[in-house]
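# Examining the three-dimensional arrangement
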Amino acid sequence: MSQAGDSLFKEGLKEGNLSKLRQVPKAELHNHCGTGMRFSTFNNWAGGNVKRPPQKMDGVKGLNDYIFGELNKYITKEEDVAFLIEETVKEAIEDGVKVLEASIDYHEMLHFSEWNNFFDLITSIKEKYRALIDFRPEVGMALTTPRADLDKYIVPCIESGAFLSIDAYGEETKDSYLKLKEYYKYAREKGLKLKIHAGQFMDADNVKSAVEVLEVDEIQHGIGAIHSDYVQDLLKERKIRLNICPSSNYILGAVEDLKKHLARKLFDKGIVITINTDDLLLFNSGVSEEFLLLYKIGLFDEDELNEIRKNAWKY
Ligand SMILES: [Zn+2]
């Protein structure tokens with residue numbers, strides 16, 4: 001990381017200058033490809049009649065209602081999936097993101113008559129933008145994915161070589177991680193990085209079980225960890241980073257007030273955190289905007305945010 005990047009980033013924050021912030025290298029480690037572009041991009045592509053996302057949503061259920069009830073109506077064939085992935089990558093490039101780990105839900109594969117065409121598409125987009133961004137495709141699935149689907153779809157995705165990491169998301173339940181255990185173990189054997197959504201709405205026990213059962217490398221959200229010193233020690237010991245998405249947490253109701261976002265307390269406890277978008281289409285805030293937002297509301301100062309920016313390269 002260059003010194004020049006450090007000063008430009010801090011200057012950008014102090015001046016409220018997004019274009020400076022966008023010039024500084026950033027990474028995004030928590031992003032879902034199906035919703036990784038601006039609403040306006042999606043709406044223009046889809047013909048202009050897409051219903052806007054609500055300003056506030058009732059947790060994962062509210063998010064799923066919008067994605068399944070509205071956006072997915074427009075995704076029916078191979079070219080549509082290509083659009084979702086490529087636009088997510090282009091949007092990240094626009095924002096100065098140099099490393100992008102974005103999940104692609106295995107359901108997108110069902111729009112392809114030949115699965116290899118799905119894997120080849122992902123690899124071709126990665127190659128096409130290689131000079132501008134290190135796009136690291138991640139295979140994604142709901143935490144509730146039935147075992148039959150894990151065998152039929154997730155295993156071939158793990159074996160395809162198209163994905164560098166794995167993530168599961170959606171409604172958190174107490175025992176959802178156990179079912180995934182052998183698949184995560186297999187993904188590890190195949191060299192994939194292991195990530196999981198945990199502690200988004202649920203408490204520290206949920207984070208603990210994700211870490212202990214699945215032996216993940218990173219946690220998406222994980223803010224529930226704040227309620228247990230034991231779990232925080234576990235995260236530190238195992239060098240597990242929390243990839244946090246402030247606007248998403250606020251809009252979905254995981255935190256009531258952005259000014260009291262738990263990212264602050266976690267940072268103070270020495271937990272390694274990063275700042276990410278989650279779903280740009282829904283929350284309308286890119287990585288640079290998220291950093292600026294946290295600066296403006298006074299949650300972190302410019303030095304702390306610069307440290308958080310660089311945390312993405314820490315492990
Ligand atoms: Zn997420």
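Our subject is the structure that appears above.
Residues numbered from 1 in each chain as written. Predicted model: local features only at pLDDT ≥ 70, side-chain atom pairs only at ≥ 80, totals over all residues.

## Considerations on the overall build of the protein chain
Quick reminder of the rule: Helix and strand definitions here come from DSSP, where helices need a minimum of 4 consecutive H or I residues and strands a minimum of 2 consecutive E residues; each element is numbered from the N-terminal end. The quantity called the radius of gyration is restricted to C-alpha atoms. Its globule counterpart is 2.2 Å times the number of residues to the power 0.38. Counting other C-beta atoms within 10 Å of each residue's C-beta, where C-beta atoms are placed from the backbone, gives the exposure class: buried for 20 or more, exposed for 12 or fewer, partly exposed between. We call two residues in contact if the C-beta atoms placed from their backbones are at most 7 Å apart.
A count of helical and extended segments in the protein chain gives 15 helices and 8 strands. Against the globule reference of 20 Å for 315 residues, the protein chain gives a C-alpha radius of gyration of 18 Å, in line with a compact fold. For the protein chain, the C-alpha atoms occupy an extent of roughly 50 × 45 × 35 Å along the three principal directions. Burial status across the protein chain gives 45% buried among its 315 residues. Of all intrachain contacts in the protein chain linking residues separated by at least 6 positions in sequence, the fraction that spans at least 24 positions is 71%.

## Side note on helix H4 (residues 59-69)
Structurally, the α-helix is built with 3.6 residues per turn, so residues lying three or four positions apart point the same way. Inclusion rule: In this context, the arc is that of the directions from the helix axis out to the C-beta atoms.
By the burial criterion, the buried members of H4 are Val60, Leu63 and Tyr66. With its buried residues spanning 130° around the axis, H4 presents them on a single face. Along H4, the residues that are exposed and aim more than 90 degrees away from the buried face are Lys61, Phe68 and Gly69. Residues of H4 that are buried sit in contact with helix H13 (280-283).

## A word on the packing of helix H8 (residues 176-189) against helix H9 (residues 204-214)
Put simply, the test is: Every angle, taken between N-to-C directions, lies between 0 and 180 degrees, and every axis is a line fitted to C-alpha atoms, over only the stretch in contact when it is a helix. Each crossing gets its handedness from the near helix: less than a right angle anticlockwise from the far helix is left-handed, clockwise is right-handed. Side-chain classes follow a simple rule in which Ala, Val, Leu, Ile, Met, Phe, Trp, Tyr, Cys and Pro form the nonpolar group, Asp, Glu, Lys and Arg form the charged group, and the remainder, Gly included, forms the polar group.
Between H8 and H9, the least distance of the axes is 9 Å, while the angle of their chain directions is 35°. The chirality of how H8 crosses H9 is right-handed. Contacts between H8 and H9 involve Tyr177, Leu178, Leu180, Lys181 and Tyr184 from the former and Ser209, Ala210, Val213 and Leu214 from the latter. Among the residues making up the contact of H8 with H9, the classes are represented as 7 nonpolar, 1 polar and 1 charged.

## Let's talk about the sheet that holds strand E5 (residues 193-198)
Note the cut-off: Each pair of strands is called paired provided DSSP finds at least two bridges between the two strands.
On the basis of which strands lie adjacent, the open sheet formed by 8 strands has the order E1-E2-E3-E4-E5-E6-E7-E8 and parallel pairing. Every interior strand has two partners, whereas the edge strands, strand E1 (26-32) and strand E8 (273-275), have only one. Pairs of neighbouring strands in the sheet enclose a mean axial angle of 25°, with direction left out of account. Here strand E7 (residues 241-244) pairs with E8 via 3 bridges, running parallel.

## Let's talk about unusual backbone geometry
Positive phi, normally seen in glycine, also occurs at His221, with a value near 80°. Here His221 is to be found in strand E6 (residues 218-221). Residue classification places His221 among the buried residues on the basis of 29 C-beta atoms within 10 Å. The phi torsion at Asn284 lies on the positive side, around 55°, for a residue other than glycine. If you trace the backbone, Asn284 turns up in the loop between H13 and helix H14 (287-296).

## Some details on the pairing of strand E3 (residues 134-142)
To be explicit about the condition: Call a crossover right-handed when, viewed with both strands pointing away from you, the route from the first strand across the helix to the second goes clockwise.
Sheet topology note: the strand E2 (residues 97-105)/E3 ladder contains 7 bridges and is parallel. Among the inter-strand pairings, Ile104 is bridged to a residue of E3, identified as Val139. Between the parallel pair E2 and E3, the chain is carried across by helix H6 (residues 115-128), and the sense of this crossover is right-handed. As judged from the 5 bridges shared by E3 and strand E4 (residues 165-169), these two strands associate in the parallel manner. Across the sheet, Val139 pairs through a bridge with Ile166, a residue of E4. Read from E3 through helix H7 (residues 147-160) to E4, the crossover connection turns out right-handed.

## Observations regarding helix H15 (residues 302-310)
Among the residues of H15, those classed as buried are Leu305, Asn306 and Arg309. Buried residues of H15 fall within an arc of 100° about the axis and therefore sit on the same side. In this structure, the buried side of H15 is in contact with helix H1 (3-15), E1 and H14.

## Description of the environment of Tyr177
On the secondary structure map, Tyr177 appears in helix H8. Owing to 22 C-beta atoms within 10 Å, Tyr177 belongs among the buried residues under this scheme. Taking the C-alpha atoms as reference points, Tyr177 and Pro246, 69 residues apart in sequence, are found 24 Å from one another. In contact with Tyr177, other than residues within four places in its own chain, are Ser209, Ala210, Val213 and Leu214.

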